[in-house]
Amino acid sequence: MIIVVFSVRILRVWPESKSFGDEGFGPIQPRWKGICQNNTSVGGFKCNRKLIGARYFNKGYLAALSTSNSSHTTTINSPRDYDGHGTHTLSTAGGSFVRDASVFGFGKGIAKGGSPRARVATYKVCWPPINGDECYDADVLAAFDMAIADGVDIISASIGGNPSPYFNDTLAIGSFHATKKGILVVCSAGNSGPMDGTVVNVSPWIFTVGASTMDREFSDWVLLGNGKYIKGESLAPKSLQAGKYYPLVSAAQVKALNASVEEAKLCKSRTIDPRKARGKIVVCIRGDNARVDKGQQVALAGGVGMILANDHDTANEILADPHVLPASHINYSNGILVSTYINSTKFPKASITRTSTRLGINPAPFMAAFSSKGPNTITPEILKPDITAPGVSVIAAYTEAQGPTNQVFDKRRVQFNSISGTSMSCPHISGIVGLLKTLYPHWSPAAIKSAIMTTASVIDNVHEPITNASNIQANPFHYGAGHVQPNRAVDPGLVYDMTTTDYLNFLCALGYNEKSIALFHAGHYLCPKNFSILDLNYPSITVPRLKNTITVTRTVKNVGSPGKYKAHVQNPRGISIFVSPPILEFTTLCQEKSFHLTLEVVKGKISKNYAFGRIIWSDGYHNVSSPIVVMAM
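In this text, all values refer to a predicted model and were calculated from it rather than measured experimentally. (Residues numbered from 1 in each chain as written. Predicted model: local features only at pLDDT ≥ 70, side-chain atom pairs only at ≥ 80, totals over all residues. Heavy atoms only, no water.)

Asks: Just to check I follow, could you spell out the domain arrangement of the chain for this structure?
Replies: Bring the parts together and some accessible area is lost; that lost area is often taken as the interface size. Taken domain by domain, the chain comprises domain 1 (2-214 + 365-456), domain 2 (218-356), domain 3 (493-497 + 536-632) and domain 4 (499-534). Using C-alpha coordinates to define each centre, domain 1 is positioned 33 Å away from domain 3. Between domain 1 and domain 3, the residue contacts involve 18 residues of the former and 19 residues of the latter. Both sides together, the interface formed by domain 1 and domain 3 hides about 1400 Å², and carbon and sulfur atoms give 63% of it. Together, Glu381, Leu383 and Thr454 form the three largest contributors to the area buried by domain 1 at its contact with domain 3, with a combined 38%. Inspection of the region where domain 1 meets domain 3 yields 1 salt bridge. Between Glu381 and Arg545 there is a salt bridge, with its nearest N and O atoms 2.9 Å apart. (Domains from an automatic or database assignment. Contact = heavy atoms within 4.5 Å. Buried area = accessible area lost by both parts, 1.4 Å probe. Salt bridge = Lys/Arg side-chain N within 4 Å of Asp/Glu carboxyl O.)

Asks: I tried to follow helix H10 (residues 445-454) on my own but got confused; where do I start?
Replies: Residue pairs spaced three or four apart in an α-helix point in one direction, given the helix's 3.6 residues per turn. Within H10, 10 of the 10 residues are buried, leaving the element largely enclosed by the surrounding structure. Of the residues making up H10, those classed as buried are Pro445, Ala446, Ala447, Ile448, Lys449, Ser450, Ala451, Ile452, Met453 and Thr454. (Buried < 20%, exposed > 50% of the residue type's maximum accessible area, 1.4 Å probe, protein only. Helix = DSSP H or I, 4+ residues; strand = E, 2+ residues; numbered from the N terminus.)

Asks: What exactly am I supposed to notice about the packing of helix H3 (residues 137-150) against helix H4 (residues 170-180) here?
Replies: Relative placement of two packed helices is described by the angle separating their axes and the distance separating the axes. Where H3 meets H4, the axes come as close as 10 Å, and the angle between the chain directions of the two elements is 10 degrees. The angle between H3 and H4 falls in the class roughly parallel. Of H4, the residues touching H3 (which contributes Asp137, Val140, Leu141, Phe144 and Ile148) are Thr170, Leu171, Ile173, Gly174, Ser175, His177 and Ala178. Grouping the constituent residues of the contact of H3 with H4 by class yields 7 nonpolar, 4 polar and 1 charged. (Axes fitted to C-alpha atoms, helices over the stretch in contact; angles between N-to-C directions. Parallel < 35°, antiparallel > 145°, perpendicular 65-115°, else oblique. Nonpolar A, V, L, I, M, F, W, Y, C, P; charged D, E, K, R; others polar.)

Asks: In this structure, what is going on with the UniProt feature "domain: Subtilisin-like protease fibronectin type-III" (unreviewed entry) in the chain? I would like to understand it.
Replies: Under the UniProt annotation, the feature "domain: Subtilisin-like protease fibronectin type-III" (unreviewed entry) is placed at residues 535-630. When the span residues 535-630 is considered, its composition is 0% helix and 62% strand, and the gap between its end C-alpha atoms is 15 Å. (UniProt positions renumbered as here; feature names shortened; annotations may be inferred.)

Asks: I would appreciate a short explanation of the state of the cysteines in the present structure.
Replies: Simply put, the disulfide is a covalent bond whose two ends are the sulfur atoms of two cysteines. What the rule picks out here adds up to 4 disulfides. Here Cys267 pairs with Cys284 through a disulfide, and the sulfurs are 2.0 Å apart. On the sign convention where negative is left-handed, the bridge of Cys267 and Cys284, at about -85 degrees about the S-S bond, is left-handed. With a gap of 17 residues between them, Cys267 in the loop between helix H5 (261-265) and helix H6 (274-277) and Cys284 in strand S14 (residues 281-285) connect regions that are remote in the sequence. Take Cys267: its relative accessible area is 0%, and that puts it in the buried class. A residue is classified by how much of its surface remains accessible, and Cys284, at 0% relative accessible area, is buried. Across a sulfur-sulfur distance of 1.9 Å, Cys508 and Cys527 are joined as a disulfide pair. A torsion of -75 degrees about the S-S bond marks the disulfide between Cys508 and Cys527 as left-handed. Taken together, the residues span a long stretch of sequence, with Cys508 in helix H13 (residues 500-509) and Cys527 in the loop between helix H14 (514-517) and strand S23 (541-546) at a distance of 19 residues. (Disulfide = S-S within 2.5 Å.)

Asks: Even after reading the chapter, I still don't get the sheet that holds strand S24 (residues 549-558), so can you show me in this structure?
Replies: Adjacent strands of a sheet pair through backbone hydrogen bonds, lying either parallel or antiparallel. Strand order in this open sheet of 4 strands is S22-S24-S28-S26, and the pairing throughout is antiparallel. On the outer flanks of this sheet lie strand S22 (494-495) and strand S26 (575-580), each paired with one strand and no other. Relative to strand S28 (residues 592-601), S24 runs antiparallel, the two sharing 9 bridges. If you follow Val556 over to S28, its bridge partner there is Lys593. (Pairing = 2+ DSSP bridges.)

Asks: What is the right way to read unusual backbone geometry from this model?
Replies: Note the cis peptide between Asn362 and Pro363, where omega equals -5 degrees. Mapped onto the elements, Pro363 comes out in the loop between strand S18 (356-359) and strand S19 (387-390). Although it is not a glycine, Cys267 sits at a positive phi angle of roughly 55 degrees. For Asn406, which is not a glycine, the phi torsion comes out positive at approximately 60 degrees. If you trace the backbone, Asn406 turns up in the loop between strand S20 (394-397) and strand S21 (416-419). Asn406 sits in the partly exposed class, given a relative accessible area of 31%.

Asks: Which parts of the structure should I look at to understand the packing of aromatic side chains?
Replies: Tallied over the full model, the rule gives 18 aromatic pairs. Residues Phe167 and Tyr512 carry aromatic rings whose centres are separated by 5.3 Å and whose planes lie at 65 degrees to one another, so their mutual orientation is edge-to-face. With Phe167 in the loop between strand S8 (154-158) and H4 and Tyr512 in the loop between H13 and H14, the pair connects residues that are 345 residues apart, well separated along the chain. Look at Phe167 and you get partly exposed, because its relative accessible area is 33%. The exposure class of Tyr512 is buried, given its relative accessible area of 12%. Each ring, one from Phe176 and one from Trp205, has its centre 4.9 Å from the other, and the planes form 85 degrees; the classification is edge-to-face. (Phe/Tyr/Trp six-rings, centres within 6.5 Å; stacked < 30°, edge-to-face > 60°.)

Asks: Sorry if this is basic, but what is going on with the pattern of salt bridges here?
Replies: A pair can form between side chains of opposite charge whenever their charged atoms are brought close. In total, this model carries 17 salt bridges according to the counting rule given. Between Arg358 and Glu217 there is a salt bridge, with the nearest N and O atoms lying 3.3 Å from each other. A residue pair is termed long-range when its members are at least 10 positions apart, and Arg358 in strand S18 and Glu217 in strand S11 (residues 216-224) qualify at 141 residues. Judged by relative accessible area, Arg358 falls into the partly exposed class, the value being 32%. Note that Glu262 and Lys265 form a salt bridge whose closest N and O atoms lie 3.9 Å from each other. Remark: Lys265 and Glu262 occur in helix H5; sequence separation between them is 3 residues, near one turn of the helix. A relative accessible area of 52% places Glu262 in the exposed class. You can call Lys265 partly exposed: its relative accessible area is 34%. Through salt bridges with shared partners, one network takes in Glu217, Lys231 and Arg358.

Asks: Would you take a moment to explain the environment of Val304 for this structure?
Replies: The topology assignment puts Val304 in the loop between helix H7 (291-300) and strand S15 (305-309). Residue Val304 is classed as partly exposed on the basis of its relative accessible area of 22%. The sequence separation of Val304 and Pro375 amounts to 71 residues, and the corresponding C-alpha distance is 44 Å. In this view, Val304 contacts Leu240, Tyr246, Gly279, Lys280, Ile281, Leu325 and Pro326; residues no more than four positions away in its chain are not counted.

In structure tokens, the structure reads:
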């Protein structure tokens, strides 16, 4: 199994990481055509039997650089990672077993990728930005073509841009070509949440992944002078003196003379007055500048610690960062408590305890506030994201060329780091795809995707519906089919399968002409006379404009033992759904059967917004679950 990772960050992998150790790996398969590219002796790069390939693509970037007034110069022609993002994502997808991995001693345990015995390769396509652009179409498409030719099995792409029509979407075009060759492409949903319609990588042949939490925390406590204890999170290796309290101030109270109150609250550069902040714990508000930079600004001003409080939008999503001073990240409501306390007493004081690793946290998972949401703004008939996976405070391998904060001021070096983002959740799914591909080498990308989606869960570890970061019940626009359950995906019972022809018919239904379709498929393709996007055999069902009644069709394939499946429907609010036939009986492996769902608006009960339901096909053991999303007109 060969997993290849693209990344939005600048440089790609740190080959010396223990996560890419090749102990126990045999010879590389002859079918592998890739190389370990390194045209310079500076920053030498070496592959092995685990990390079997590395390439970089910069012709598009160099062309843009030559016509730009940018002061950027090209980085070294090597796949070496000076940023950390690529090493982190690649090791998450396919890193080898590493004992005693931790971040400053926190979260200590055995690190491994989702497919720890997979071979991995890395393809560098993004560079220092020119006029805001990091990844050029020519380089991304060249990397896709080369990855396909080299013989990869899975492409994990923690990369994305603004949604656009598929014929203008480089990732959509490149991933279509990969899908034709049986290569499933897994992509990030984006980090622009919690607003609606922010999801990226929305084509139906891409597996799009949102981010949610896991049941582990790196907890510390803020102790207030009034006796109240507030839980926060941090990975700061430094801690304050146990039992000692320090003066507590809001950043606005210690603002520099020429700084605005709003910028001071955010603890931006040069907004804190050292004469006022020295020796104090400073409260900063999340937003705009990097969370770790806020702590650096407090430290530069002589502050002894920082409390980082969420704003309204980030609500309960708190992240464990490797701060440069003792710090605690607390949620929005607790931030209000701290602010109220500061304003209620003449001499407020506080302390911050040392961080500890806690397991079995509940509720978990819940959706990260940053995780981009549906609906799909390009094709609303296709639900995106498809799935959610752990993407908050994920520990994985890291470059030793940067500090864990990626800030210039950070001279510390770590072998493993904790990072949050849909870039981190994407390779979780890629690793699971690798396991399924190993078990079922002849399954299509669509079948593997379906197995993961239809076995996902929408219930958290306290048996309640998954919520968002504001403790409000989440929905398929947050998590797609739900939170991934790898063990159940191994035996899904039924799958919704598709071929290249289905995707070409989808493009035809969008009205693409022969020239546009040629970007995806070489040669002439004759579009069918009648094909509805609503009938694309997707593992989710979305009807964005329902007037009165409509019928959609799906086909399921038996990939388990013979059995009789009965349909169970959870109707969206204001919608009645009828399934025909209500029972599907399978007698042989790979047998296919179709069913029809008739959706009807219930007069007088129409919801003004999208409504959500579900269809579950069950044989008493397997539960093949698909979300239903409807907007009645």
